[in-house]
Structures are given as C-alpha cells and as structure tokens.
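# A structural walkthrough
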Amino acid sequence: MSNFEFESYSEGEWEEQGELFWNEFDWQRFLMRHDEEVSRFNSFYNTTKGEPGRIDKVAHFMGWDADDWSATDAAIDEHTFPHGEGTSDHSTEEEEDTEDTDPYTIHRHPIYVVTRGIYLDLDRIWEDFLESESCPLEACEAWHYGKSLHEGQLNAMLGVQALDMGDYPLTVSQFKLALKALNQSLAIVQSLPPRIGQQVSHLYRESHIRLFDLREVWLRVMCECREEIDRRSTDRD
C-alpha cells in the first residue's frame, strides 16, 4: 500500500470515452458493482486474517500492487478491477465490458474499498455483541462506541476524497481526525470489563485486529502525503 504516485490526476483517458450519459438506473448498477468489490475485499481480508503482511497480501489479490495505490491514473487502470488472480470466475463478458468503461469515482479508490470493507466488519462484530444475551452495556456506552466508528469512517472517507483531489495537507488533517476516532474505539473496547467472558473476548480480538490494520493503512497514506508535501516544498525553493 505504499509507493503512491502523487501527480495530479489526468482526465485525458476518460475524456476519450466521450461525454457520459448515465441515468439513475445506470448509477445504481454502478454502486451495486462496487458494493460487490467491497465484499470481495472482505472475503480476501478475512481469509488472510492473522497472517503476517496480510494487508499487502490482500492488496495483491485485489490487484493493487505497489504503484497502483495512488490517486492518479495508476489506481484506476485495468489493475483496479483485474480479471486474473483474485477475481470471481463467474464474471460475465457483459460485466467485464461494463467495468472497463466505468467512469472513475471515489468508490474505485483502493483506500475507500479497504476502509469501507473493514468498517462493515467492525459494525457487524459490534452488532453481534450487542445482540448477545449477556451484553451488559448501557445505551450510552453503546452509543459512544458506535459514534466513534461513525466518526472514524467519515473522516477517513473525507481523507480519501482529499487525496483524490491532490490536497495532501487536507488529507493528512482528515486522517489525523480519523485516527483520533479510531483510538477512541480502541479505548472503549479495551475498557469493557473482562468478566463478560467469551463475548467480550471475541469482540476485543476481532475489533483489535481490524482497528490496527486500519491504522496501518492510514499511517501509510499520511506518510506518503507528507513526503510529497516536502518534495513539493523543496521544488519551490
């Protein structure tokens, strides 16, 4: 997930396709396809969970190796939706043709897919815990954790949008807010009383893995952004 290319995104490749005329139904199909992309990421992620270097392994399966992790053309070429390793064998020729002509939106950015996918897992784990018969939490405690998950995801998505726009100081600022919310999520989970037993152990273990993976991804993004900010500052001097 490193080696971002921080040049301004060029729309030339997409301009060659002509003006896009999509109706509401077309966009709904587009969103459904990218929900499936998030599900595909989750499938790979949960298969490799607990393995060393799992984030990079999943990136490889998704076709996001090395320089493909960027806000530039490299992130939205044919590698974004590869038809080789890590793809479904059930894709039809019509679906593949559609993917090849899809417009670029933030939904196709790998950091969006990763963040969205992992937060969907965190939401599911939290819901399962709340629905367990032995859950001792008061409504206020449950609200604070749910709120921290929401704020973490929201700020991360705004960070991806800033990254896509090429505004790297804003990207860093948004991900710092996302990390603040993520740390709140960790603190809340770690504060749960151990007497709850198996349910809280499962919640802690599964949430801990995912929150730390999110933190690793976001810190990589912030590091690359800061390097690019320094490079541009040097170029101006």
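This section reports on the structure supplied with the text. In this text, all values refer to a predicted model and were calculated from it rather than measured experimentally.

Before going further, it helps to spend a moment on the nonpolar core. If you look at the biggest cluster of nonpolar residues, it comprises 46 residues, and the most contacted ones within it are Phe 41, Leu 122, Phe 175 and Trp 218. Per-element tally for this core: the top contributor is helix H5 (residues 110-131), with 10 residues.

Now for the packing of aromatic side chains. Tallying each qualifying case throughout the model produces 10 aromatic pairs. Ring centres 5.7 Å apart and planes at 25° place the aromatic pair Phe 41 and Tyr 45 in the stacked group. On the criterion of helical spacing, the pair formed by Phe 41 and Tyr 45 is a turn pair, its members being 4 residues apart in helix H2 (residues 24-47). Residue class for Phe 41 comes out buried when judged on its relative accessible area of 1%. Using a relative accessible area of 0% as the deciding quantity, one classes Tyr 45 as buried. When the ring of Phe 41 is compared with that of Trp 64, the centres are 6.4 Å apart and the planes differ by 20°; the resulting orientation is stacked. Within this pair, whereas Phe 41 is found in helix H2, its partner Trp 64 is found in the loop between helix H3 (54-62) and helix H4 (93-101), the two being separated by 23 residues in sequence. The class for Trp 64 is buried, based on a relative accessible area of 2%. Among the aromatic residues, ring-to-ring pairing joins Trp 22, Trp 27 and Phe 30 into one connected group.

This paragraph deals with the environment of Thr 47. Residue placement: Thr 47 occurs in helix H2. Judged by relative accessible area, which is 59%, Thr 47 ranks as exposed. On a C-alpha basis, the gap between Thr 47 and Val 58 in space is 9.2 Å, while along the polypeptide they are 11 residues apart.

Before going further, it helps to spend a moment on the pattern of salt bridges. Enumeration over the complete set of coordinates arrives at 11 salt bridges. With its nearest N and O atoms 3.5 Å apart, the salt bridge here joins Arg 205 to Glu 206. The exposure class assigned to Glu 206 is buried, which follows from its relative accessible area of 7%. As a salt-bridge pair, Glu 216 and Arg 220 come within 2.4 Å of each other at their nearest N and O atoms. With a gap of 4 residues between them, Glu 216 and Arg 220 both fall in helix H8 (residues 198-236), about one helical turn apart. The exposure class of Glu 216 is partly exposed, given its relative accessible area of 33%. Among the charged side chains, a salt-bridge network with shared partners connects Asp 121, Arg 124, Arg 205, Glu 206 and Arg 210.

Quick notes on the rules
- Residues numbered from 1 in each chain as written.
- Predicted model: local features only at pLDDT ≥ 70, side-chain atom pairs only at ≥ 80, totals over all residues.
- Heavy atoms only, no water.
- Core = buried A, V, L, I, M, F, W, Y, C linked by side-chain atoms within 4.5 Å.
- Buried < 20%, exposed > 50% of the residue type's maximum accessible area, 1.4 Å probe, protein only.
- Helix = DSSP H or I, 4+ residues; strand = E, 2+ residues; numbered from the N terminus.
- Phe/Tyr/Trp six-rings, centres within 6.5 Å; stacked < 30°, edge-to-face > 60°.
- Salt bridge = Lys/Arg side-chain N within 4 Å of Asp/Glu carboxyl O.

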